[in-house]
Amino acid sequence: MSDHAVLHVKGRVLAGPDDVRDELWVVGGRVTYDRPAGAGDSTTVEGWALPGLVDAHCHVGLGAHGPVDADTAEKQALTDREAGALLIRDAGSPSDTRWVDDRDDLPKIIRAGRHIARTRRYIRGYAHEIEPADLVAYVGQEARRGDGWVKLVGDWIDRGVGDLAPCWPREAVEAGIAEAHRLGARVTAHCFAESSLRDLVESGIDCVEHATGLTPELIPLFAERGVAIVPTLVNIATFPDLAAGGEERYPRWSAHMRRLHERRYDTVRDAYDAGIPVYVGTDAGGSLPHGLVAAEVAELVTAGIPSVEALAATSWAARAWLGRPGLEEGAPADLVVYDSDPRADVRVLAAPRRVVLNGLVVQ
């Protein structure tokens, strides 16, 4: 299809969970619900259409040992695109992926800059590793480099105690989050454990990644403050293997990781039931492959989130949270078409019929 051709999407267009239209057109790469001139010569795609899916925790440009080359990053982005993930919040990457913005055939990326971690308290090659006195300066730097987000490593194993422990003192967290907000950026943090959460939330953090440490005592605090979580359940599934690998050196940590894994579904369901915003993220990059967005939505359903709400967490609600449009009039035509209604069975997401990005049918 040429850049100027008209595309006709017909069948059922899910502009919202209850806003179902019969058709839309794509003109000049943008959505319209008004039949355009020349519609008779349009290319037609039929099925159930959703806004391009959101992977709100993904790492384009990151490999198991740190940054990867542009060819590898391109393959990562293409794999996400093939899965229907057309909007990515890159939750920390040491690679410069700005070149992706010039490609109409690759997903749109909202960057959080590079991870900010405590010295020797994260995966080697991933993060800026600093001490608390430098946190404000590095938060400011990454806020300016990113697209409205900053990513902290809130906790990690402390080899001195042999278990997960917070990375930052309360006063450093407060100052860092305040600096990000001053610069117009939101802050999220990697958190597995219970002990890092209260300081982060009471300091004004906007989101927590993984959030396996949410307890009944902490859930009301998250709900009251409106702090979102991105559970990355497809990543939490790896905890038993991680625990087995660390059993000999860090038995306390291994036992903790197993407990977090065992209660993962209860944690997510209880958070949802309390009104905490929950969004889809896969943690692709590093050790996990890309293209897992459908699997993560299915995991949220397994955890007890209703299918329509799990779908919203990767489409309408997630796009609104990130400040990006869905399928409203005049929006960029980023959409995925399926054979049947994904509201009825989210497993449909694993098999897109067509993917449309910037108005072009890319698969």
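Our subject is the structure listed above.
Everything numeric here is computed off the predicted structure, so don't read it as measured data.

Rules behind the numbers
- Residues numbered from 1 in each chain as written.
- Predicted model: local features only at pLDDT ≥ 70, side-chain atom pairs only at ≥ 80, totals over all residues.
- Heavy atoms only, no water.
- Helix = DSSP H or I, 4+ residues; strand = E, 2+ residues; numbered from the N terminus.
- Pairing = 2+ DSSP bridges.
- Axes fitted to C-alpha atoms, helices over the stretch in contact; angles between N-to-C directions.
- Salt bridge = Lys/Arg side-chain N within 4 Å of Asp/Glu carboxyl O.
- Buried < 20%, exposed > 50% of the residue type's maximum accessible area, 1.4 Å probe, protein only.

K.L.:
Sorry, what's going on with unusual backbone geometry here?
P.N.:
For residues that are not glycine, phi is negative in most cases, and the peptide bond is trans in most cases. You will see that alanine 211, though not glycine, has its phi angle at about 55°, which is positive. Counting through the fold element by element, alanine 211 comes out in the loop between β16 (207–210) and α5 (219–225).

K.L.:
Just to check I follow, could you spell out the sheet that holds strand β9 (residues 108–111) for this structure?
P.N.:
Strand pairing in a sheet relies on backbone hydrogen bonds. The paired strands run either parallel or antiparallel. In spatial order, the strands read β5-β8-β9; together these three strands make up an open sheet with parallel pairing. Looking at the sheet topology across the chains shown, the edges are occupied by β5 (53–58) and β9. Adjacent strand axes in the sheet meet at a mean angle of 20°, parallel and antiparallel pairs treated alike. Bridge analysis of strand β8 (residues 85–90) against β9 gives four bridges, and the strand direction is parallel. For aspartate 90, the partnering residue across the bridge sits in β9 and is arginine 111.

K.L.:
So what exactly am I meant to see when it comes to the sheet that holds strand β4 (residues 43–51) here?
P.N.:
In space, the seven strands of this open sheet follow the order β3-β2-β1-β4-β18-β19-β20, with mixed pairing throughout. Every interior strand has two partners, whereas the edge strands, β3 (30–32) and β20 (360–361), have only one. Inspection of the sheet shows strand β2 (residues 20–27) paired to β3 by three bridges, in the antiparallel sense. For valine 27, the partnering residue across the bridge sits in β3 and is arginine 30.

K.L.:
What is the right way to look at the pattern of salt bridges in this model?
P.N.:
Pairing between side chains becomes possible if they bear opposite charge and their charged atoms approach one another. Throughout the structure, instances matching the rule amount to 24 salt bridges. Put simply, arginine 353 and aspartate 339 hold a salt bridge, and the shortest N to O gap is 2.5 Å. Pair noted here: arginine 353 is in the loop between β18 (335–338) and β19 (354–357) and aspartate 339 is in the loop between β18 and β19, with a separation of 14 residues, a long-range link. Residue arginine 353 is classed as partly exposed on the basis of its relative accessible area of 35%.

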